[in-house]
Structures are given as structure tokens and as C-alpha cells.
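The lines below spell out each chain.
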Amino acid sequence: MGGRGPSDKGGHRGYSRREFIKTVGIGSLALSGLQLSPLRAWAAGGNERYVWGCPSEFQSLDPHAIYDVTSENIRLNLYDHLYRYLDNPPKIHPWLAESYKVSKDELKWTFVLRKGAKFHNGDEVTAEAVKYSMERLLALGKGASALFKPVVDPDGVKVKDRYTIEFGLKEPYAPFLSIMPTFCVVNPKVVEGKPGAWGSEWLSRNDAGSGAYMLEDYSPGVGWKAKRFKDHWMGWKGQHVDKIEFRTIHETASRVMALMKGDIHGCDGYLPVEQIEKLEKAKDITVYEEQSMRIFLIRMHNQRAPFNDVHVRRAICYAFDYDAFINKVLKGRVARNPGPIPNNMWGAPADLKGYTFDLQKAKEELKKAKVKVDRPLNIHPMTGYSQTDDAALILQAGLRELGIKVNIVRETWPTLSGKTKDINTSPDMWIHWVSTYYADPENWIGEMYSSSRWGAWKASAWYKNPEVDEILRKARTVSDQEVRRKLYEKASRIVVKDAADIWIYNTKWYGPYRNNVKGLRFCPIGNGQECRWIYLV
């Protein structure tokens, strides 16, 4: 993976975040990130343990209860999947499974497991464990179950023999192999009988996996530690780290300072531009740059007034200053992405224009609206992600020109994603990224705008259009990629015309690491958080 040094970073013009906040003229000191970290005293990482700084806390360790980027490090390091994505562009590889086959009617998918793979307690990974894990995921109805529940027939999960598992589907589902890397296998002998439904209370704080690392310690709000699992099925040739730690540091400036001091070895690759530039100038830090697939957007609650009027939504889309945000605040380090699928993913229409900053058009749309904006609107940036603060301020400034008051209410990712599970508690507007959980358009538009996915955080626009529902249903049930591409392009155009959300940009990943960190292997799925390839020198 190529790195970029400080000398590569000239030429980006814009203004600093301080200048930006001054320019938009908002009383934004409350948003300037002065929140105290909940951390207890830290020990330096040293060369024995690889330490990574996270912006969000870890609400649970249960791989079937969580499904977000923050928890991806848990699923990639403590657990294994039947198949897994590696590298960039992401390619899917056999993992616990050695092979698979699909029936002619595309309703039965059969996976053959590799023999001898072990869980952390020494039990062998078998088809029975895979069956239990799928049944557990479906029964709990959390995490990645939103992907599998509409697809997998619970009575169709069958053990053919000790190493062969068959999944019967309710209907053909083209991305089924693509979503397999979101499904973690747990050891039923460890989980069964433990407190909580399907042992969920116990597994929220413990480990029942077969991954490359075994849990040592976990503290909510602080982080988790693990040590290398020497009997991992892949073996351990070459150099590796024996111990890893994922440590919560909410405040961006604190994470950067910890990295520069050597308290941590790396942190998230989507820092504010000013922090990236600071790290690029540090002699002990290398900032790696990779093309990513991670769209940034502002969600709107399509079922709640005044957002239930398409003209109000279009007016809001026209009130966001895309150029100022992308070219001045972010200094052109990201690419405008006007729709719900990343520009570099098939299925994204190449000719999609999207919305521009145009207050005159915004006023015209408001005149057409039957639902009037007669109350302040609330927008929620995420604690620890200052870019979301900046975007909220820009939209607030634009809507102020239209006579619309906007309240900015910062909350944490666990709080916001939890609220979006219910149509009544879901925010008016909130700001986040949608990363690559699997490399298929379904990861974005299919999960975000099909009303059959309501109740998942990705579907928090609560968008409903029967025509789009039918197009997306067809797109996920046909296997011909060219046919699917055209369907996703058609759906994208309709969703953008309906102004379901405000789509802003597609991301590049700028991963900052101490120079003694080697072996990084970036993949958009997980954002470089898989540790088995890493070693310290």
C-alpha cells in the first residue's frame, strides 16, 4: 500500500475549520469538540501491543448484535466468516469455507467448510456451529440480520454433513455471497446456557469466536484488548503483533495527539483535513491514501412533516453549499457524489447530475410545497466526527436564508443509530457515512431506500416509493449483473428526483499510522482494521 509524505500535500486550498466556523457565523463553540474523553489513564502502546484509536465507544462485543464500522474491528479480529473481503478494490476470498455452489433455481447455496479450523477454546468449527450461528442471528433480529432475515428461510438452514452447510433462500438473491462476510460464526458450546436470549447478555462482554485474536479485556466506553490466537486455521508465517487494543478516544484532537505522542499506533482514516495535514507534517507518522467507497450524506425523515413533502426536501437539497464544503472545508480531498451509490461502484449512473447550491430554486420549491415549514428543524451531527458538525453548520446557514430555523443537536453514534430503529424516535435529520460492508450496490441503495428494510439504521430516511421498491426487488433477485446495473441506475435516478436525502461526497481514506507500523493491508470493508497482517518494527 502506497503512502504519502508531507511533501505530497501541497496545493490544497481552502480555509481552516476555525475560519469556516467564523464564516458561517454560528455560535458553534458547543460543537468545537471540547468533550472530555471517558478514558481512564492510558499505558503507552510500545512495540508489544498494537493500539488503534477509535472515535466511538463499543456498545457490545456480540457480533450478531452490531453492524457498523465502529464494531467491524471486533468482527474481523475476534471472529471468522465463511468468506471474507481483502484488499482494494475488495475481492472476496474463501475463509472458513473452502468452496460453495448454487442450485440451478438459485434457491440453495451450499458451502463446504475447511477441516480443522478451531474456535478459541479448541472446539472444531463445524456445520452445526454455522447453522446455530445463522439461527441465532435471525432469532435475535439485530446487527446484520437485516440482510439475512428477508432472504434466508429459517427452515432451510441444513447440515448436510459435519463440514457441509446448506442455506435455503425464500427467493433468489444475487448478492448472497457478497453479504456472507457480514455473517460471523460463533461457538454454540460456549454461548448456550449463558445469560440473555441466545446468550446475548454474556456474549455482549465476552468472546466465542475463531478469529485471529482472542479477547483479553473489554470495558464499554474504554475499548477492548486481545492476544494472538496461535491455533488460528490460517497459521502465522512471517511477522505479526501478539497483542492488539482498540481504544475509544471520542475527541478528534485527542486521537491525533495520542498518535503523535506514540500512545497509539493508528486511528481512523477519515479525519478532518486540518488534522490530516498536521499528521502529514509529523516526521514519525505516515498517512496512507486509498480510494474508498464511503458516501457522506444528510438523512431526512421522509414520513414526518415537513419532510413528507418532496418540494420541501428538494428545497433543503438546494440549500446546502456543496462546493464550499467539498472544496473549501475539505480542500478538494473528496469527490462530489450526487446519488446514493458511490461513483466508483457499478450501478451508479455516470450522468447523474444531482443538486447544486441554488437558493433561488430552493425558494421556488418551497412555494410549491403543500406542507409548510412551521417549526424549527433538528439536525444531529455525530459526537467525535467534526465533519458532521461542519456539514450541519453549512446547512443551517443555507436554510437560514430561506427563513427556516435549524437546531443542531450533537449525539453519539450508538444513540443516533439506536433512535433510527423506530419511525417515531428517528431524527428529523442526521449526518453520517455509509461505508462498504459488502461490495454490491445493494449495500447502499438497496438497504437505504427499499421500504422492506425499514427499521435498520441505513433505512432511516423512511423512504417509500412502490416503483422503487419493485425495481430494487428485481435488482436483488436476478443474477445477470448487466441487468442489475440498469435497474440500480434507474432506481438511483428516481430516488434523487424524490430528494430522499442530501448526498454530498464519496470518500478517500487517509489512514495515519506511526512509522513503525508495517504490513498494513487496506480493504474498504473494515477500513484497514484487520490486524493479522500488521507488525511493529
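The structure under discussion appears in the preceding block.
Read on for a plain summary of the structure. It should be emphasised that the depicted structure is a prediction, and the values quoted were computed from it without experimental measurement.

This brings us to the overall build of the chain. Broken down by element type, the chain carries 17 helices and 20 strands. For 537 residues, the compact-globule estimate of 2.2 N^0.38 gives 24 Å, and the C-alpha radius of gyration of the chain, at 23 Å, lies within 12% of that figure. Taking the principal axes of the C-alpha coordinates as reference, the chain spans close to 65 × 55 × 40 Å. Here the chain holds 537 residues, and the buried ones make up 62% of them. When contacts within the chain are restricted to residue pairs at least 6 apart in sequence, those whose partners lie at least 24 apart make up 73%. Accessible surface computed for the chain: about 20600 Å², of which carbon and sulfur atoms make up 49%.

This part is about the state of the cysteines. Here the structure, examined in full by the defined rule, presents zero disulfides. Cysteine C54 shares no disulfide, and the gap to the nearest cysteine sulfur, in C267, comes to 9.2 Å. The exposure class assigned to C54 is buried, which follows from its relative accessible area of 2%.

Here we take up the sheet that holds strand β5 (residues 97-102). The pairing of strands in a sheet comes from backbone hydrogen bonds and takes either a parallel or an antiparallel form. Sheet architecture is open: four strands sit in the order β5-β6-β8-β7, paired in antiparallel fashion. Each edge of the open sheet carries a strand with a single partner, namely β5 and β7 (152-161). For this sheet, the mean angle separating the axes of adjacent strands, direction not counted, is 20°. Inspection of the sheet shows β7 paired to strand β8 (residues 164-169) by five bridges, in the antiparallel sense. Opposite V152, over in β8, you have L169 as the bridge partner. Strand contacts of helix α3 (residues 127-140): β6 (108-113), β7 and β8, with the helix running at about 170° to β7, the strand carrying the most contacts.

With respect to the secondary-structure elements, N187 resides in the loop between α5 (176-179) and α6 (188-191). A relative accessible area of 2% means that N187 is categorised as buried. Looking at N187, its side chain comes within polar contact range of the side chain of D123, at 3.1 Å. For N187, the side chain forms a polar contact with the main-chain nitrogen of K189, separated by 3.0 Å. Setting aside residues up to four positions removed in sequence, N187 forms contacts with F119, N121, D123 and A208.

Scanning the entire structure with this criterion turns up 34 aromatic pairs. Here the aromatic rings of Y132 and W198 are separated by 5.4 Å at their centres, their planes lie at 50°, and the arrangement is tilted. With Y132 in helix α3 and W198 in the loop between α6 and α7 (200-203), the pair connects residues that are 66 residues apart, well separated along the chain. Where W346 meets Y488, the ring centres are 6.2 Å apart and the plane angle is 65°; that geometry is what we call edge-to-face. On the criterion of sequence distance, the pair formed by W346 in the loop between β14 (335-336) and α12 (359-368) and Y488 in helix α17 (residues 481-497) is long-range, its members being 142 residues apart. When its relative accessible area of 0% is taken as the criterion, Y488 is described as buried. One aromatic cluster in this structure is built from Y83, Y100, W109, F111, F148, F167, F176 and F183. Above the ring of Y510, the side-chain terminus of R333 is found at 5.0 Å from the ring centroid.

Attention shifts here to the nonpolar core. Counting 115 residues, the largest nonpolar core has L82, F111, F148, F167 and F176 as its most contacted members. Setting aside residues up to four positions removed in sequence, F111 forms contacts with L82, Y83, A97, S99, Y100, Y163, T164, I165, F167, F176, L177 and M180. One finds W52, L78, C184 and A208 within the second-largest nonpolar core, a separate group that totals 36 residues.

Turning to the pairing of strand β4 (residues 91-94), a few remarks are in order. With four bridges joining them, strand β3 (residues 83-86) and β4 adopt antiparallel strand pairing. The residue bridging R84 from the neighbouring strand is H93, located in β4. Connecting β3 to the antiparallel partner β4 that follows it, the hairpin turn spans four residues, and D87 within it adopts a positive phi of roughly 70°.

Secondary-structure assignment places Y83 in strand β3. Separated by 13 residues in sequence, Y83 and L96 place their C-alpha atoms 6.7 Å apart. Setting aside residues no more than four positions away along its own chain, Y83 makes contact with I92, H93, P94, W95, A97, E98, S99, Y100, F111, L177, M180 and P181.

Relative to the assigned elements, L402 resides in the loop between α13 (386-400) and β16 (406-408). Classification of L402 as buried rests on a relative accessible area of 16%. Residues L402 and N378 lie 24 residues apart in sequence; the distance between their C-alpha atoms is 16 Å.

Moving on, we come to unusual backbone geometry. Residue P89 is reached from N88 by a cis peptide bond, and omega for that bond is 0°. Topologically, P89 is positioned in the loop between β3 and β4. Along the chain, A305 connects to P306 via a cis peptide bond; the corresponding omega equals 5°. Inspection of the secondary structure assignment puts P306 in the loop between β13 (285-300) and α10 (310-318). Unusually for a residue other than glycine, W462 sits at a positive phi of about 55°. Looking at the secondary structure, you find W462 in the loop between α15 (445-449) and α16 (466-477). You can call W462 buried: its relative accessible area is 4%. Residue N527 is not a glycine yet carries a positive backbone phi of 55°. The residue N527 is located in the loop between β19 (517-518) and β20 (535-536) in this model.

Scoring rules and cut-offs
Residues numbered from 1 in each chain as written. Predicted model: local features only at pLDDT ≥ 70, side-chain atom pairs only at ≥ 80, totals over all residues. Heavy atoms only, no water. Helix = DSSP H or I, 4+ residues; strand = E, 2+ residues; numbered from the N terminus. Rg over C-alpha atoms; globule rule 2.2 N^0.38 Å. Buried < 20%, exposed > 50% of the residue type's maximum accessible area, 1.4 Å probe, protein only. Contact = heavy atoms within 4.5 Å. Areas by Shrake-Rupley, 256 points an atom, 1.4 Å probe, with all protein chains shown as cover. Disulfide = S-S within 2.5 Å. Pairing = 2+ DSSP bridges. Axes fitted to C-alpha atoms, helices over the stretch in contact; angles between N-to-C directions. Polar contact = N/O pair within 3.5 Å; in protein donor to acceptor, adjacent residues only side chain to side chain. Phe/Tyr/Trp six-rings, centres within 6.5 Å; stacked < 30°, edge-to-face > 60°. Lys NZ or Arg CZ within 6 Å of the ring centre and 35° of its normal. Core = buried A, V, L, I, M, F, W, Y, C linked by side-chain atoms within 4.5 Å.

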